[in-house]
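For reference, the chains in residue letters:
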Amino acid sequence: MSALPTSHPQAPSLWDALPSSVLLLSRDGRALHVNTAFCAFTGLTAAAAQGRGWLAAVAPAAQPALLAALHSAEDFSLQLQWQCVQGEGSLREAWVDCAGRWRAEHGGHVCVLHDMSQARRAEQAARAQAEQLRLLADNVPALIAYYAAGDNTCLFANKQYAQTFGWDEHSIVGRSVTDIIGEAAEQQIQPHVDIVLQQQRPVVYERRLQRPDGRAQWLEVHLVPHIDAEGRSIACFVLISDITRHRLAEQAVRESEERFSKFVQASCEGIVFHKDGFITDANAPACALVGYELSELLGRRALDFVAPDQLAKVAAVMAASEETAYESAIIDKAGRRIAVEFIVRSMHCGGEPMRMTVVRDIRDRQAAQARIHHLAHHDELTGLPNRLAFMEQIEPLMAQAKSSAEPLALLFIDLDHFKRVNDSLGHLAGDALLHTVGQRIVALLRASDRVARFGGDEFMVLLSGGSPREVVAEVALKLLAAIEAPLHAGGRPITVTPSIGIAIYPGDGDTPAQLIKNADAAMYLAKARGRANVQFFDHALARSAYASLVMEGQLAQALERGEFVLHFQPQVRASDGVLVGAEALVRWQHPERGLLLPDEFIALAEQQRLMLPLGLWVLREAARAARRWHETGAPGAAEVPVAVNLSMLQFQAAGFVEGIEEVLREVGLPGRLLELELTERMLMDDLPEVRRKLNQLKALGILLAVDDFGTGYSSLGHLKELPIDKMKIDRSFVTDLPQRRDSAAIARAIIQMARGLDITVIAEGVETEAQRAFLSRECCDELQGEAISPPLSAEAFEAWRARAAGG
């Protein structure tokens, strides 16, 4: 253990008695002696520590500094990191304060080691804690500072506090309150500071500031005294929170509550607040609705004002705390029932749950809805159910009749010639007539029967109760008699008759649509059989009606598809057979039935009002054919006019003459090459208007002929006043020539009359040589019929014309 020379004045035993580690180290860093405490501290044996072995206990990073100090031959003091060997052979770090005293007489430094590890660890822990506190302080959403009590200088401030006042957390330390927040602000807060330091109690106050952008800012300031062990105020903690958003939220809540309160009071709807079913508040409209003062409502059960039959429903909604809207009823102070709509919402007031109910008076709305429903289901003029209501009623009645195996009778009533009443007496008279007819129908029916105005002049009657066919017929005849009884409308007595069609459920239809359709078909049959009668539906009629319906649909498309064609029948001079004209006859090239003659579709076209476009097409095509023959100078046809039949609908249409003129101009045809054939019936009505139109046509150069002469009732006076060019003997008189004396007499009379009026006469339907010979002998001017030529296509007509011209 002794490494000192024997001449050393101190005995090694004295060094070993010291509690501190002691070493005698040479300038070149060798250990000349180590004491027992050093060995215990470092875990090295005395032998291992000799020479440079002791450096094993010094951290490598610390060795250069220590060896340099030893080499200097001067006193030194260093704090070094050492590595000490523990019992199990592991190393532990230690911080050592090494004080070295140079002893020249010993040729080295006497070094005393003090273990500073615990103090160093405490210092590091304190520093880490301070850093944590700083980190926390810099990141909390508040401003924090700590001021000395004596001179009001800042001892600590977090980053937010320092930056708020234009400093950082380091430069602010040591600054006075005045330096930091300004003199004016210091004067404002000084009273609070005095209370904290003098009365040694915390203070909380708010400050309202104005931001640079003009917006308000609220700060909540907490001042907390720091009192030492002797009870002296040594400092003051400052904690500042920005509570702007809380104050703004509170302000928004107050404003919202004020607005809500004003809305509740200003609303025209009744509004009631209740908690646990007891009324806590109500606005003026709610009080007015039930007839109570607010003081009479407060504290009462909300259910006290609900109609008895609505109590269960309302109570269920309240118990479930539903937010909903539903219709109900309340009872007012006078005991009257009021229809209302409740709109219920849950809300919180003062932190407590409440219910708000809007009480809406819906009496006017229900009345309006009832009126709208009535208007939607009833005819405004007659007050009877309308088509919609009738269709809603008939289906369940048919289902009921099916279950009870009882028949139903549907009567379709249509007024005959009702349009004449409107046209002659005006719509007011027509409306009065419909109203009276509706009343008469209702008066004859039972309460269990159904009646409706189906539209226009159509009425529907549904007889229930399983009435037999003969009873249904009897009711229909009574309705017929009641409706056609004279009545006053438009200031004069008028009479209108009905046509009634009847369909029986289930035999005539098992759906409402089918039953109505078949009753309608039966009604049209009644009209076809002279009107003012009753007809039951039969299936043969249905088949015929279906065929007509199919043809109607096809006819509507035929013109668009170009399915119509013109045939031409030659008209010749009776004396020598020279071609003098041609009649244009329309044909329908039906895609399924082939070529159809006019008798099969003209009546249908007139019903569908297709005669106007169809007649215009015939006129235009006939005019084009005449122009073509005229321009080609075909033999025997250069000046041959083409005759076209006119319908009553065409002749009476507005702009009829102008339409003819437009066709001539469009096609480029001289008027002398167009002949228009009119029936006697067209010439009978409104003679001045007929004369005006015919004169306008004559001014265009058009030839005018009276078709089917002898079948109508035109008078010689009429014919004398009209610019007629040609008269056509109807085929019904030609057919029996020359055998029947009456037909021969009529034909002879027509020829003589025409000759007397200087009118050309032509006979149509000439089919035999005997007829042709008779008419030639009687000086009939022109002939037309199968004996001359059947109607021909345009190409065949041109071929016939060429042959006739060639002789």
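A closer look at the sheet that holds strand E6 (residues 143-148)
Pairing in this open sheet of 5 strands is antiparallel, and the strands run E7-E6-E10-E9-E8 from one edge to the other. Edge positions in the sheet fall to strand E7 (154-157) and strand E8 (203-210), since each has one partner strand and no second. Adjacent strand axes in the sheet meet at a mean angle of 20°, parallel and antiparallel pairs treated alike. By the bridge criterion, 3 bridges tie E6 to E7 in an arrangement that is antiparallel. Along E7, the bridge assignment pairs Tyr146 with Phe156. The sheet contacts of helix H8 (residues 183-199) involve E8, strand E9 (216-227) and strand E10 (233-242), and relative to E8 the element is tilted by about 170°.

Re the sheet that holds strand E17 (residues 450-455)
Pairing in this open sheet of 5 strands is mixed, and the strands run E17-E18-E16-E21-E22 from one edge to the other. Every other strand in the sheet has two partners, leaving E17 and strand E22 (534-536) as the edge strands with one partner each. Averaged over all pairs of adjacent strands, the angle between their axes in this sheet comes to 20°, without regard to strand direction. Strand direction decides the pairing type here: strand E21 (residues 498-505) and E22, joined by 3 bridges, are parallel. Bridge assignment links Gly501 to a residue of E22, and that residue is Gln535. Across the sheet, helix H17 (residues 469-484) is in contact with strand E16 (408-415), strand E18 (458-463), E21 and E22; its angle to E21 comes to roughly 160°.

Notes on unusual backbone geometry
Note that the residue after Tyr505, namely Pro506, is joined by a cis bond; omega there is 10°. Looking at the element boundaries, Pro506 is found in the loop between E21 and helix H18 (512-528). A positive phi angle is found at Cys779, which is not glycine, with a value near 70°. Within the element layout of this structure, Cys779 appears in the loop between helix H29 (769-777) and strand E31 (782-784).

As for the pairing of strand E13 (residues 325-331)
Here E13 runs beside strand E14 (residues 337-349); their pairing, made up of 7 bridges, is antiparallel. Bridge pairing in E14 places Ala325 opposite Ile343. A loop of 5 residues connects E13 with E14, the two strands running antiparallel in sequence, and Gly335 in this loop sits at a positive phi of about 85°.

Description of the packing of aromatic side chains
To describe a pair of aromatic rings, you give the distance between the ring centres and the angle between the ring planes. Enumeration over the complete set of coordinates arrives at 18 aromatic pairs. Measuring from centroid to centroid gives 6.3 Å for Trp54 and Trp82, while their planes differ by 40°, and the two rings are tilted. One end of the pair, Trp54, is in the loop between helix H3 (46-49) and helix H4 (63-71); the other, Trp82, is in strand E3 (residues 76-85), with 28 residues separating them in the sequence. With 5.7 Å between their ring centres and 50° between their planes, Phe564 and Phe601 make a pair best called tilted. Of the two residues, Phe564 is situated in strand E23 (residues 564-573) and Phe601 in the loop between strand E25 (594-596) and helix H20 (602-607); the sequence distance between them amounts to 37 residues. Accessibility assignment for this pair places Phe564 and Phe601 in one class, buried. Through a chain of ring-to-ring contacts, three or more aromatic side chains come together here, namely Phe564, Trp588, Phe601 and Trp617. Over the aromatic face of Phe454 sits the side chain of Arg387, whose NZ or CZ is 4.0 Å from the ring centroid. Its end group placed over the ring of Phe536, Arg469 keeps NZ or CZ at 3.9 Å from the ring centre.

So, the confidence of the model for the protein chain
On average, residues of the protein chain score 86 in pLDDT, and 91% of them are at 70 or above. Predicted confidence for residues 1-9 stays below pLDDT 50, and this span has 18 contacts to residues more than four positions away or in other chains.

Some words on the side chain of Ser789
Mapping Ser789 onto the fold places it in the loop between E31 and strand E32 (792-793). With residues up to four places along the chain from it excluded, the contact list for Ser789 reads Gln569, Pro570 and Trp800.

So, the pairing of E18
Side chains on a regular strand alternate between the two faces of the sheet. Burial of E18 is extensive: 6 of the 6 residues sit out of reach of the surface. Burial along E18 is two-sided: Glu458, Met460 and Leu462 facing one way and Phe459, Val461 and Leu463 facing the other are all buried. As paired elements, E16 and E18 share 6 bridges and run antiparallel to each other. Across the sheet, the residue bridging to Ile413 is Phe459, located in E18. When E17 meets E18, the two strands line up antiparallel, connected through 5 bridges. By the bridge assignment, Val451 is partnered in E18 with Val461.

Comments concerning the environment of Phe459
Along the chain, the position of Phe459 falls in strand E18. Separated by 21 residues in the primary sequence, Phe459 and Gly438 place their C-alpha atoms 8.0 Å from one another. Here Phe459 is in contact with Leu384, Leu411, Phe412, Ile413, Leu415, Leu434, Val437, Gly438, Ile441, Ala452, Arg453 and Phe454, once residues within four sequence places are set aside.

Quick notes on the nonpolar core
Counting residues in each nonpolar core, the largest one holds 78 residues, and the members touching the most others are Phe568, Leu674, Leu676, Leu694, Leu697, Leu775 and Leu783. Element by element, the count of residues in this core is highest for helix H21 (residues 611-632), at 9 residues. Residues Leu433, Val437, Val496 and Ile500 belong to the second largest nonpolar core, which totals 29 residues.

Cut-offs used in this document
Residues numbered from 1 in each chain as written. Predicted model: local features only at pLDDT ≥ 70, side-chain atom pairs only at ≥ 80, totals over all residues. Heavy atoms only, no water. Pairing = 2+ DSSP bridges. Helix = DSSP H or I, 4+ residues; strand = E, 2+ residues; numbered from the N terminus. Axes fitted to C-alpha atoms, helices over the stretch in contact; angles between N-to-C directions. Contact = heavy atoms within 4.5 Å. Phe/Tyr/Trp six-rings, centres within 6.5 Å; stacked < 30°, edge-to-face > 60°. Buried < 20%, exposed > 50% of the residue type's maximum accessible area, 1.4 Å probe, protein only. Lys NZ or Arg CZ within 6 Å of the ring centre and 35° of its normal. pLDDT = per-residue confidence, 0-100. Core = buried A, V, L, I, M, F, W, Y, C linked by side-chain atoms within 4.5 Å.

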